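# Secondary and tertiary structure notes
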Amino acid sequence: MLMLLLQLHLNITCQAQLSPTFYDHTCPTALSTIRTAVRSAIASERRMAASLFRLHFHDCFVQGCDASILLDDTSSMNGEKNAVANRGSARGYEVIDKAKSAVEKLCPGVVSCADILSVATRDASAYVGGPSWTVKLGRRDSTTASQTLANSELPSFKDRLDILITRFGDKGLSARDMVALSGAHTLGQAQCLTFRDRIYSNGSDIDANFATVRRRSCLAAEGSGDGNLAPLDLVTPDSFDYNYFKNLMQKKGLLESDQILFSGGSTDSIVSEYS
C-alpha cells in the first residue's frame, strides 16, 4: 500500500532527474545513516513509524515533496507546521533533525532534507513490516512554505468522499491511489477531537459496540480530553496488515474520512478488494 508513496513522489515533485544512486559517490553512507536513525526512533516509540508516514504525506501534498513542512515560521512567512492539519498533531520532526545531523557530519551540505524525509518514510515502513521501495533521490529543499496552501489543500478528517477524490485527483492520484494510501492508517493513533463527532453521532455507518469502546477515552463534551488517543486500527494497532480495510467493512473506521471510503459509494469495491 505504501508503495503508492513512490507514485506520490513522482506525481507532485518538480520534473527533475531523480535517481536512486544520486548520492553513491558524494555521500555513499547516507542511506544507511538515515536508516539507523529511523530504526532507533521507532524502537523507542512504535508510533513514530505512523508519524513519519503522516509527516511525509503532509509534506508531499503541499508544494510537492520538498521538505517545506520542516520550515519554521519567520517574520515574512507563515509555514506549514502551524496549519490546522499539522498544529499539535504532526510529529517526527526531531527524527528527521537527528538523521540530518548525522548525515551532515559525514557529508556536509550534500543530502537534502527532502530526500531524508522520503528515505526515512520508506525505512519506517520496512521496519514495521510494511513494504519497501526504491527511493529516487536528488530533490532540492524548498526555501519557502505556505500555511495557506496547507490549510486549503490537505485532506480533512471531515471531508466527504467527493471532496477527497477531488483533492487527490488534483495531485494526479486516482481514487484507487487514495484508498491505498489511506491503508497507512493500519498504524498510528488519532486524537479524540478528530473522531468525537463520529462516535457520538449514533449514525448508521458506525458499529454500536465500537462506538461504545471509543467513548470510554473520548468524552462527549468538547474540550474534555481532546488530545486523548485511540488507535486507527482497533484490532492490530501495531501491525502493518489489511485489518484497516476489514474494519471499514464492519463500520469500525475511526475517522469519518476513513469510513467514508466504505459507505455505499464508488470506493466500496476497492476497499473490499484490499480487505
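Residues numbered from 1 in each chain as written. Predicted model: local features only at pLDDT ≥ 70, side-chain atom pairs only at ≥ 80, totals over all residues. Heavy atoms only, no water.

## Overview of the UniProt feature "active site" (unreviewed entry) in the protein
In the numbering used here, UniProt assigns the feature "active site" (unreviewed entry) to His58. Positionally, His58 belongs in helix H3 (residues 48-60). Residue His58 is classed as buried on the basis of its relative accessible area of 7%. Those residues in contact with His58 that lie beyond four places of it in its chain are Ile69, Glu80, Ala85, Asn86 and Leu154. (UniProt positions renumbered as here; feature names shortened; annotations may be inferred. Helix = DSSP H or I, 4+ residues; strand = E, 2+ residues; numbered from the N terminus. Buried < 20%, exposed > 50% of the residue type's maximum accessible area, 1.4 Å probe, protein only. Contact = heavy atoms within 4.5 Å.)

## Notes on the state of the cysteines
The full count for this structure, using the stated rule, is three disulfides. Two residues share a disulfide in this structure: Cys27 and Cys107, whose sulfurs sit 2.0 Å from each other. Here Cys27 and Cys107 share a disulfide; its torsion about the S-S bond, 80°, makes the bridge right-handed. Highlighted residues: Cys27 in the loop between helix H1 (4-12) and helix H2 (30-44) and Cys107 in the loop between helix H4 (93-106) and helix H5 (113-127), separated in sequence by 80 residues. Relative accessible area serves as the criterion here: at 8%, Cys107 is assigned to the buried category. (Disulfide = S-S within 2.5 Å.)

## Some details on the packing of aromatic side chains
Within the structure shown, the criterion is met by seven aromatic pairs. Summarising the aromatic geometry, the rings of Phe53 and Phe240 are spaced 6.5 Å apart at their centres and angled 85° between planes, so their arrangement reads as edge-to-face. Highlighted residues: Phe53 in helix H3 and Phe240 in the loop between strand E2 (229-231) and helix H11 (243-249), separated in sequence by 187 residues. As far as the burial class goes, Phe53 and Phe240 line up, both buried. Between the NZ or CZ atom of Lys171 and the centre of the ring of Phe61, over which it lies, the distance is 5.5 Å. (Phe/Tyr/Trp six-rings, centres within 6.5 Å; stacked < 30°, edge-to-face > 60°. Lys NZ or Arg CZ within 6 Å of the ring centre and 35° of its normal.)

## Examining the pattern of salt bridges
What the rule picks out here adds up to 13 salt bridges. The residue Asp115 makes a salt bridge to Arg139 at a minimum N-O spacing of 2.9 Å. One end of the pair, Asp115, is in helix H5; the other, Arg139, is in the loop between H5 and helix H6 (147-153), and 24 residues separate them in sequence. Of the two residues examined, Asp115 and Arg139, each falls in the buried class. (Salt bridge = Lys/Arg side-chain N within 4 Å of Asp/Glu carboxyl O.)

## With respect to helix H9 (residues 192-199)
Among the eight residues of H9, six are classified as buried, and the element is accordingly described as predominantly covered. Within H9 the residues assigned to the buried category are Cys192, Thr194, Phe195, Arg196, Arg198 and Ile199. Packing partners of the buried residues in H9 comprise strand E1 (189-191), helix H10 (208-215), E2 and helix H12 (256-259).

## Re the domain arrangement of the protein
How big an interface is tends to be expressed through the accessible area that disappears when the partners come together. According to the domain assignment, the protein consists of domain 1 (29-153) and domain 2 (161-274). Between the C-alpha centres of domain 1 and domain 2 there is a distance of 24 Å. With 15 residues of domain 1 at the contact, the number on the domain 2 side is twelve residues. Each partner contributes to the roughly 1100 Å² buried at the junction of domain 1 and domain 2, and carbon and sulfur atoms together form 63% of this total. Where domain 1 meets domain 2, there are one salt bridge. At the junction of domain 1 and domain 2, the tally comes to six residue pairs in polar contact (both at pLDDT 80 or more). Breaking the side of domain 1 that touches domain 2 down by element, the ones donating at least two residues are H3 and H6. Per-element accounting of the side of domain 1 that touches domain 2 gives the leading share, three residues, to H3. Its residues placed into classes, the side of domain 1 that touches domain 2 shows six nonpolar, six polar and three charged. (Domains from an automatic or database assignment. Buried area = accessible area lost by both parts, 1.4 Å probe. Polar contact = N/O pair within 3.5 Å; in protein donor to acceptor, adjacent residues only side chain to side chain. Nonpolar A, V, L, I, M, F, W, Y, C, P; charged D, E, K, R; others polar.)

## Quick notes on the nonpolar core
Counting 39 residues, the largest nonpolar core has Leu55, Leu70 and Ile96 as the members making the most contacts within it. Listing elements by their share of this core, those giving two or more residues are H2, H3, H4 and H5. No other element matches H5, which puts seven residues into this core. For this core, the two domains that each supply at least three residues are domain 1 (29-153) and domain 2 (161-274). By size, the runner-up hydrophobic cluster in this structure holds 20 residues, among which are Leu161, Phe168, Val179 and Val271. (Core = buried A, V, L, I, M, F, W, Y, C linked by side-chain atoms within 4.5 Å.)

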